[in-house]
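Tertiary structure, described
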Amino acid sequence: MSNYLRAPLRVEHIEPKINLKMKRAVFPGSFDPLTLGHTDVIDRAIPLFDEIIIAIGTNSSKSYMFSLEQRRVFIEKTYSEEPKVKVDTYEGLTIDYCKKVGSDFILRGLRNPADFEFEKAIAQTNRKLSQIETVFLLTSADTSYISSSIVRDILFNKGDVSLLVPPAVITGGIQKDS
C-alpha cells in the first residue's frame, strides 16, 4: 500500500500526568555504624525519590556499639550537603513509621541471595498489611561484602575500618589504632 493511501495519523496533545504527591522513601536500619554499603544504596536512590528518610530503628532489647545520637550524627554529617536526605529515629513497625511520615516506599539494599530471601518475605508481608512497596537496590560489587557486624567486629579487635565506613564515622569518635 502506498503512503498516499494511508490515513494521516491523528496526533492529539497529551497532557503530562501531574503527580503532586512526593515520592518519599524510608531507608530503615540500625546503622550501627553507617557503612559504605549503606551510602552506596542511599547515593544511588537519591535520583529515584524526592526525599529519603534514613530511619534509625531502636529496639530496647538490643545492645548497640554506638549510641543513637552517635549513629544519627554519623548519618547527618555524611549527608549534610544533600537536601533530599533526612534522618529520623523510630520504634515499632517500619510500616507504622512509614504511615506516620507519609511514605509509600521502603528502600532496602541487597548484598546477596540470602538478603533477598529474607527481605522478600518482609516486603511481601509489609505490602499485604499496608500497601507500602519495597524498592530493592543491589549493592555495588565493591561494597557488597561490607556489613555493620563485620565493621563492629573489626573495631572490637582494634582494626582499621577506614575503607569500610564514611569519613564521618571515623571523625565521629572511632579512634584508629596504629
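Now for a look at the structure at hand.

Here Ser103 shows up in the loop between helix H3 (94-101) and strand S4 (105-110). On the basis of relative accessibility, which here comes to 3%, the residue Ser103 falls in the buried class. Polar contacts involving the side chain of Ser103 include one to the main-chain carbonyl oxygen of Arg24, which spans 2.7 Å. Dropping the residues within four chain positions of it, Ser103 is found in contact with Arg24, Ala25, Val26, Cys98 and Ile132.

With that settled, consider helix H1 (residues 36-45). Residue pairs spaced three or four apart in an α-helix point in one direction, given the helix's 3.6 residues per turn. Of all 10 residues that make up H1, seven are buried, and the element is covered over most of its length. Where H1 is concerned, the buried positions are Gly37, His38, Thr39, Asp40, Val41, Ile42 and Ala45. Two or three places before Gly37, at the opening of H1, Thr35 has a side-chain oxygen 3.1 Å from that residue's backbone nitrogen.

Further remarks concern the pairing of strand S2 (residues 51-58). Among the eight residues that make up S2, seven are buried, leaving the element largely enclosed by the rest of the structure. Sheet topology places strand S1 (residues 24-29) next to S2; six bridges connect them, and they run parallel. What sits directly across from Pro28, in S2, is Ala55. Considered for its hand, the β-α-β crossover made up of S1, H1 and S2 is right-handed. Sheet analysis places S2 next to strand S3 (residues 85-91), joined by seven bridges and oriented parallel. Paired with Ile52 across the bridge in S3 is Val85.

Reading the values: the criteria
Residues numbered from 1 in each chain as written. Predicted model: local features only at pLDDT ≥ 70, side-chain atom pairs only at ≥ 80, totals over all residues. Heavy atoms only, no water. Helix = DSSP H or I, 4+ residues; strand = E, 2+ residues; numbered from the N terminus. Buried < 20%, exposed > 50% of the residue type's maximum accessible area, 1.4 Å probe, protein only. Polar contact = N/O pair within 3.5 Å; in protein donor to acceptor, adjacent residues only side chain to side chain. Contact = heavy atoms within 4.5 Å. Pairing = 2+ DSSP bridges. Right-handed = clockwise from strand over helix to strand, strands pointing away.

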